[in-house]
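This is what each chain is made of:
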Amino acid sequence: MTGSPHHPIVHVEYPAWVDSVVDWERSYVSDQERMRLAIAVSRANVENATGGPFGAAIFEARSGHLVAVGMNSVVRLNNCTLHGETMAFMMAQQRVGSYTLNGPNMPAHELYTSCEPCAMCLGATLWSGVQRVVYGAAREDASLLHFEEGPVFPESYHYLEQRGIRIERNVLREEARAVLELYRAQSGKIYNA
């Protein structure tokens, strides 16, 4: 199905390599296992030249069941909103059949992201329904590559925490930062500098 010039259709899908990197059947028990998956997604995105060095994964908090992954797809799909986190939210909400990951009779969900979320992704986090955010590399690490993270302030995190979202910082930061360095070494495109 195609849209007309005045009624375009937006189609979002994973790159072909996803199933070779993601084990959809296993349980990811620890923060480290979950973060390693988000980092593996970010690394595969760089190695396959399908996007920026950012990956994310959403899990059911208790069971460790993987609900969705996301990878930066801004350039690949010509869409500035397709950061790793926002793509993970879109895919997770499609899988569970709900606009929120915090609905009635729904398990708690958590977001693991290879890099500290930008302003847009923090906003999306608030509305996504996840109850916890765990990130690897820090804003300063992305800024070294000249990625613009937007207006994120300590108050931004304070606001999320007041709304009941727990934040864990710098989990496997060095492993996550290594993917950013790989992207820099390969002269990856900095699309929002």
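Above this note sits the structure.
The structure displayed is predicted, hence computed values, not measured ones.

Undergrad: For the nonpolar core, give the residues involved together with the corresponding values.
TA: Among the nonpolar cores identified, the biggest contains 52 residues, and M35, L37, I58, L66 and V69 are the most heavily contacted of them. Here this core gets seven residues from one element, more than from any other, and that element is helix α2 (residues 31-47). Those residues in contact with L66 that lie beyond four places of it in its chain are V22, D23, W24, Y28, L37, A57, I58, F59 and R95.

Undergrad: How would you explain empty space enclosed by the protein if you had to name every residue and give the values?
TA: Taken as a whole and assessed by the stated rule, the structure comprises one cavity of 30 Å³ or more. Estimated volume of the largest cavity: approximately 110 Å³. Every residue lining the largest cavity is counted, 14 residues in all, and those nearest its centre are F54, H83, E85, C118 and E149.

Undergrad: Can you tell me about the state of the cysteines, naming the residues and giving the values?
TA: Applying the stated criterion across every chain, the model contains zero disulfides. Free of any disulfide, C118 has its nearest neighbouring cysteine sulfur in C121, separated by 3.7 Å. For C121, a relative accessible area of 0% gives the class buried.

Undergrad: Quick one: what's the story with the pairing of strand β2 (residues 66-71), residue by residue and with numbers?
TA: Consecutive residues of a regular strand have side chains that alternate between opposite faces of the sheet. For β2, the tally of buried residues reaches six of six residues, placing the bulk of the element in the interior. In this structure, strand β1 (residues 55-60) lies alongside β2, joined through five bridges in antiparallel fashion. Its bridge partner lying in β2, F59 is registered against L66. Where β1 hands over to β2, the hairpin turn is made up of five residues, of which G64 adopts a positive phi near 75°.

Undergrad: Run through the pattern of salt bridges, naming residues and quoting values.
TA: Inspection of the entire model under this criterion finds twelve salt bridges. Two residues, D31 and R132, come together in a salt bridge whose shortest N-O distance is 2.8 Å. Separated by 101 residues along the polypeptide, D31 in helix α2 and R132 in strand β4 (residues 132-137) bring together distant segments of the chain. For D31, a relative accessible area of 22% corresponds to the partly exposed category.

Undergrad: Let's hear about the pairing of β4: which residues, and what values?
TA: Buried residues dominate β4, accounting for six of its six residues. Pairing analysis gives five bridges linking strand β3 (residues 109-115) to β4, with the strands arranged parallel. Bridge pairing in β4 links T113 to Y135. The β-α-β motif built from β3, the intervening helix α4 (residues 119-128) and the parallel element β4 has right-handed crossover chirality.

Undergrad: Quick one: what's the story with the side chain of N45, residue by residue and with numbers?
TA: Among the structural elements, N45 can be located in helix α2. Of note is the side chain of N45, whose polar atom sits 2.5 Å from the side chain of T50. Apart from residues lying up to four places away in sequence, N45 is in contact with W17, T50, G51, G52, F54, M71 and N72.

Conventions and cut-offs
- Residues take numbers from 1 onward in each chain, read along the sequence in its written order.
- In view of the model being predicted, local features appear only for residues whose pLDDT reaches at least 70, and side-chain atom pairs are presented and counted only at 80 or more, with totals across whole chains, interfaces and linings using the full set of residues.
- Water and hydrogen atoms were dropped before computing side-chain values, which therefore reflect all heavy atoms in the structure.
- Each nonpolar core is a collection of buried residues, namely Ala, Val, Leu, Ile, Met, Phe, Trp, Tyr and Cys, held together in the definition by side-chain atoms within 4.5 Å.
- For every residue, the accessible area (1.4 Å probe, protein chains only) is compared with the maximum for its type, and the residue is labelled buried under 20%, exposed over 50%, or partly exposed between those bounds.
- Think of it this way: any DSSP run of H or I at least four residues long counts as a helix, any run of E at least two long counts as a strand, and we number them from the N terminus.
- A contact between two residues is defined here by any heavy atoms of the two lying within 4.5 Å.
- Each cavity reported here is a set of points on a 1 Å grid over the protein atoms alone in which a 1.4 Å probe fits but cannot get out, each pocket an open set with protein on both sides within 12 Å along at least five of seven lines, and each lining residue one with an atom within 4 Å of a point.
- Grid points are joined across faces, edges and corners, and a volume is the space filled by probe spheres set on the points.
- Criterion for a disulfide: a pair of cysteine sulfur atoms at a distance within 2.5 Å.
- One bridge is not enough; two strands pair if DSSP finds at least two bridges between them.
- Every case where a carboxyl oxygen of Asp or Glu lies within 4 Å of a side-chain nitrogen of Lys or Arg is listed as a salt bridge.
- If the strands point away from the viewer and the path from the first strand over the helix to the second runs clockwise, then the crossover is right-handed.
- Contacts described as polar in this section are N or O atom pairs within 3.5 Å, which, within protein, must combine one atom able to donate a hydrogen with one able to accept it, while residues neighboring in sequence count only if both atoms come from side chains.

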